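Residue-level listing of the chains:
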Amino acid sequence: MTEKIIGFIGLGNMGAPMASNLSKNSHSLICYDTIDTNKKSPSNAIIADSIEQVVKSASIVFLCLPDGSVVLDVVDRILSVPDRCVEIVVDNTTAGVSEAKEAWERLNKENIKYADAPVSGGVSGAKAGTLAMMVAASQELYTEIEPLLLSMAKNARNVGDQPGQGMAMKLLNNFLSGMAMAASSEAVAFGVAQGLKPEKVIEMVNLSTGRNTTTEDKFPKRILTETFDSGFATNLMAKDLKLYVKSAKDSSAPSFLSEKLLSGVWSKMLDKWPDSDFTKIYPFIKKYGK
Ligand code: NAD
């Protein structure tokens, strides 16, 4: 079997460690980012100086970009290369449901297969290769790409065969995560106002029915330590909730809580602290949540 060359576009907080894990399997990797590709790429990867260079040599291309509009722009750049060899695009961006459908449509017209495959698990999960990956693809396509996906995401699953279903899965997860972050922060602030120690509040909640990933992971490791270093920015949480609310409205699904969570908490935090890590939600709620 001839060795496939794999392309990776977007080497940020998530993309760089994911590409690094991908490079540890037997395939050659060619990488591109608009900023400092050589510093962000795995040491054994080919450094590309353009998207065009990636798609002229790679048959499968992964995208891990900021949002859906950048994805659609990159898809158009891929399609503008006449002598491309790309056959499959796997989108690990949290791009949105309608954006994934649009990307699928544009690529499908040119006989390029597309899977939306956003991830959950943060930078630490990306480094450890333990990410959850929600993949929307036909069974045939999923089987073809699964070994590559598992090298980046131990918990990759095929969630459906319709474009956008991976994004829907990711958005509903991040709605739950954003709600747990906000509710846990408000609950700890309440405990502190009653004279309880925050460490004791977290310890008892984690022994009780209110426990969740914020109380089990974010509070002990990143909030109470005041490191605020999850690598997931407030603007990404606000973006994901906006996409969730929009997709809920588009599909006539309920958006009662998500709209309040977006306008009442995450949009306000984005206005006040635009460059913050999302774990700053606890000091934000203490300061502005009264
Ligand atoms: P990031 O901003 O750190 O990385 C994005 C990268 O894309 C940057 O390096 C940027 O230079 C590059 N880029 C932008 N435009 C480009 C273009 N046209 N061509 C090539 N490269 C381009 O973001 P991130 O935290 O790595 O997140 C990436 C995606 O993963 C987002 O959609 C995010 O919502 C999602 N996500 C992030 C996390 C997290 O914890 N950070 C967790 C799960 C999912």
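Keep in mind the model is a prediction, meaning the values are calculated, not measured.

In terms of helices and strands, the chain carries 13 helices and nine strands. Over its C-alpha atoms the chain spans a radius of gyration of 20 Å, differing by no more than 12% from the 19 Å that the globule rule assigns to 290 residues. The buried share of the chain, taken over its 290 residues, is 49%. A sequence separation of at least 24 residues applies to 63% of the contacts in the chain between residues at least 6 apart. Surface summary for the chain: the accessible area is close to 13900 Å², and the carbon and sulfur share equals 53%. Charged side chains of the chain number 32 positive and 33 negative; the gap between the two group centres comes to 7 Å.

Moving on, we get to the domain arrangement of the chain. Often, the extent of an interface is quoted as the loss of accessible area on bringing the components together. When its domains are assigned, the chain resolves into domain 1 (6-162) and domain 2 (168-288). Each of domain 1 and domain 2 was reduced to a C-alpha centroid, and the two centroids are 28 Å apart. On the domain 2 side, the residues contacting the 16 residues of domain 1 number 14 residues. Taking both sides of the interface into account, the surface hidden between domain 1 and domain 2 amounts to around 1000 Å²; carbon and sulfur atoms contribute 61%. Area buried by domain 1 at its contact with domain 2 is led by Thr94, Val97 and Met134, which between them contribute 42% of it. Where domain 1 packs against domain 2, one counts zero salt bridges. Taken together, the connections running from domain 1 to domain 2 amount to six residue pairs in polar contact (both at pLDDT 80 or more). Looking at the side of domain 1 that touches domain 2, the elements with two or more residues in it are helix H5 (97-109), strand S7 (119-120) and helix H6 (122-128). With three residues, H5 is the largest single contributor of residues to the side of domain 1 that touches domain 2. When the residues that make up the side of domain 1 that touches domain 2 are grouped by side-chain class, the tally is eight nonpolar, six polar and two charged.

This part takes up the environment of Ser230. Of note, Ser230 is situated in the loop between helix H10 (213-223) and helix H11 (234-250). Classification of Ser230 by relative accessible area gives buried; the value is 11%. Between the C-alpha atom of Ser230 and that of Ile47, which follows or precedes it by 183 residues, the distance is 28 Å. Look past the residues within four positions of Ser230 in its chain and what remains in contact with it is Val123, Arg222, Asp277, Phe278 and Thr279. Of note is the side chain of Ser230, whose polar atom sits 3.0 Å from the backbone nitrogen of Phe232. At 2.8 Å, the side chain of Ser230 and the side chain of Asp277 are in polar contact.

What follows concerns the site of the ligand. Taken together, 26 residues form the shell around the ligand, and within it Asn13, Met14, Asp33, Thr94 and Lys239 come nearest. At 3.1 Å from an oxygen atom of the ligand is found a side-chain nitrogen or oxygen belonging to Lys40. In this structure, Lys239 approaches the ligand through a side-chain N or O atom, which is 2.9 Å from an oxygen atom. Protein burial of the ligand: of its 830 Å² of free accessible surface, 87% is covered by the chains. Of all the elements in the fold, those that place two or more residues in the shell around the ligand are helix H4 (68-79), H6 and H11. In terms of residue class, the shell around the ligand is built from 14 nonpolar, eight polar and four charged. When residues of the shell around the ligand are assigned to domains, at least three fall in each of domain 1 (6-162) and domain 2 (168-288).

Packing of H4 against H5 leaves a shortest axis separation of 10 Å and a crossing angle of 5 degrees. On the basis of the axis angle, H4 is roughly parallel to H5. Counted together, Gly68, Leu72, Val75, Asp76 and Leu79 of H4 and Glu99, Glu102, Ala103, Arg106 and Leu107 of H5 form the full contact between these two elements. Of the residues assigned to the contact of H4 with H5, the class counts are five nonpolar, one polar and four charged.

So, about the pairing of strand S1 (residues 5-9). Most of S1 is tucked away: four of the five residues are buried. In this structure, S1 lies alongside strand S2 (residues 28-32), joined through five bridges in parallel fashion. Residue pairing in the sheet places Ile9 in a bridge with Tyr32 of S2. Two elements, S1 and strand S4 (residues 60-63), share four bridges in a ladder whose sense is parallel.

Attention now goes to the pattern of salt bridges. Inspection of every chain in the model, using the stated rule, returns 15 salt bridges. Here Lys113 makes a salt bridge to Glu144, at a shortest N to O gap of 3.6 Å. In this pair, Lys113 is assigned in strand S6 (residues 113-116) and Glu144 in helix H7 (residues 139-152), connecting sequence segments 31 residues apart. By relative accessible area, which is 35% here, Glu144 ends up partly exposed. Salt bridges sharing partners connect three or more residues here, namely Asp76, Glu102 and Arg106.

Calculation rules
- Residues numbered from 1 in each chain as written.
- Predicted model: local features only at pLDDT ≥ 70, side-chain atom pairs only at ≥ 80, totals over all residues.
- Heavy atoms only, no water.
- Helix = DSSP H or I, 4+ residues; strand = E, 2+ residues; numbered from the N terminus.
- Rg over C-alpha atoms; globule rule 2.2 N^0.38 Å.
- Buried < 20%, exposed > 50% of the residue type's maximum accessible area, 1.4 Å probe, protein only.
- Contact = heavy atoms within 4.5 Å.
- Areas by Shrake-Rupley, 256 points an atom, 1.4 Å probe, with all protein chains shown as cover.
- Lys, Arg positive; Asp, Glu negative; His and termini not counted.
- Charge placed at Lys NZ, Arg CZ, Asp CG, Glu CD.
- Domains from an automatic or database assignment.
- Buried area = accessible area lost by both parts, 1.4 Å probe.
- Salt bridge = Lys/Arg side-chain N within 4 Å of Asp/Glu carboxyl O.
- Polar contact = N/O pair within 3.5 Å; in protein donor to acceptor, adjacent residues only side chain to side chain.
- Nonpolar A, V, L, I, M, F, W, Y, C, P; charged D, E, K, R; others polar.
- Near = heavy atom within 4 Å.
- Axes fitted to C-alpha atoms, helices over the stretch in contact; angles between N-to-C directions.
- Parallel < 35°, antiparallel > 145°, perpendicular 65-115°, else oblique.
- Pairing = 2+ DSSP bridges.

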